[in-house]
Amino acid sequence: MKIRNKTLIRAVGSCLSLGVRTLAQTLDYRAAYYNPVIDPAYPNDGKRRIYIFWHEYIQFFIHLRKHCHLAMLLSRHSDADVLDEIARLLGFQGVRGSTNHGGVQALREMMKLERESQFHLTITPDGPRGPRRVLSPGCVFLASKLQIPIVAMGVGYDRPYRLNSWDRFAIPRVCSRARCIPSSDIYVPEALDRKGIEHYRHAIEILLNELSDEAELWARSGDSYEGESSVLPGPCSSCLYFTRPRSASIE
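Residues numbered from 1 in each chain as written. Predicted model: local features only at pLDDT ≥ 70, side-chain atom pairs only at ≥ 80, totals over all residues. Heavy atoms only, no water.

1. Digging into the pairing of strand β9 (residues 177–182)
Our working rule: For every residue, the accessible area (1.4 Å probe, protein chains only) is compared with the maximum for its type, and the residue is labelled buried under 20%, exposed over 50%, or partly exposed between those bounds. Comment: elements are numbered from the N terminus, with helices defined as DSSP H or I runs of at least four residues and strands as E runs of at least two. DSSP-based pairing: two strands are paired if at least 2 bridges between them are found.
Within β9, five of the six residues are buried, which leaves it mostly tucked inside the rest of the structure. Bridge count between strand β1 (residues 28–31) and β9: four bridges; the pairing is parallel. Of the residues in β9, the one forming a bridge with D28 is R177. Bridge count for strand β6 (residues 150–157) against β9 is five bridges, and the pairing is antiparallel. Bridge pairing in β9 links Y157 to A178.

2. Brief notes about unusual backbone geometry
Working note: non-glycine residues mostly have negative phi, and peptide bonds are mostly trans. A cis amide bond, omega 10°, links G130 with the succeeding residue P131. Summarising the element assignment, P131 is placed in the loop between β5 (120–123) and α5 (138–146). Positive phi is not limited to glycine here, since Q147 has a value of about 55°. With respect to the helices, strands and loops of the structure, Q147 is situated in the loop between α5 and β6. For Q147, a relative accessible area of 39% gives the class partly exposed. Unusually for a residue other than glycine, R159 sits at a positive phi of about 45°. By secondary structure assignment, the location of R159 is in the loop between β6 and β7 (161–162). Residue R159 is classed as exposed on the basis of its relative accessible area, which comes to 54%.

Given below as structure tokens:
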């Protein structure tokens, strides 16, 4: 159902943001880092980054990293109005646009935010309409243009409820496990042509799917994971350094 009344959008957004916070407080959040410095809540190296994760897991990120100087690309479609309000209430800067509608303007606004306000950027690269888990080239273009690294965030819940939507949106069960395996920094060369953008788009899509599958398996299994650490919401994190033998770099 589409909601067009602004007052109703604010009311629904407030209720849902409260629901997100309430549910999230019951979850067991853990992460396994290649390097914790990539976490926007970590006292990091001052770099700005582009964080990407599949649309179905957007709830994970907007709760854990609220008020962390993040700008999120959201669809211009009216379906995203409530999500925009939720993101605003949780401390995100919303940028409206998509590959199909307002994409050029949205990318320009994100570049301006990064350069002038030093925001990190967050993108669900299969949104707003799919296909599910197929990476659009916008994040690769931004990384090449701005010369800032991409971090691919593999996320998984333990047997979540799934909506009958294009992305099979995941809603975690109360008191269940939530897991994240982020990549290290992925650097994209400057001034890529179409062939180069497609090369990196395809390679990063494969990596993000691998990390997501691994995080989902970890969440379902309930097993311990070498180097895992608890993750706290907001501007503090109990990160532990974690190096794994497989490199997250893209050639």
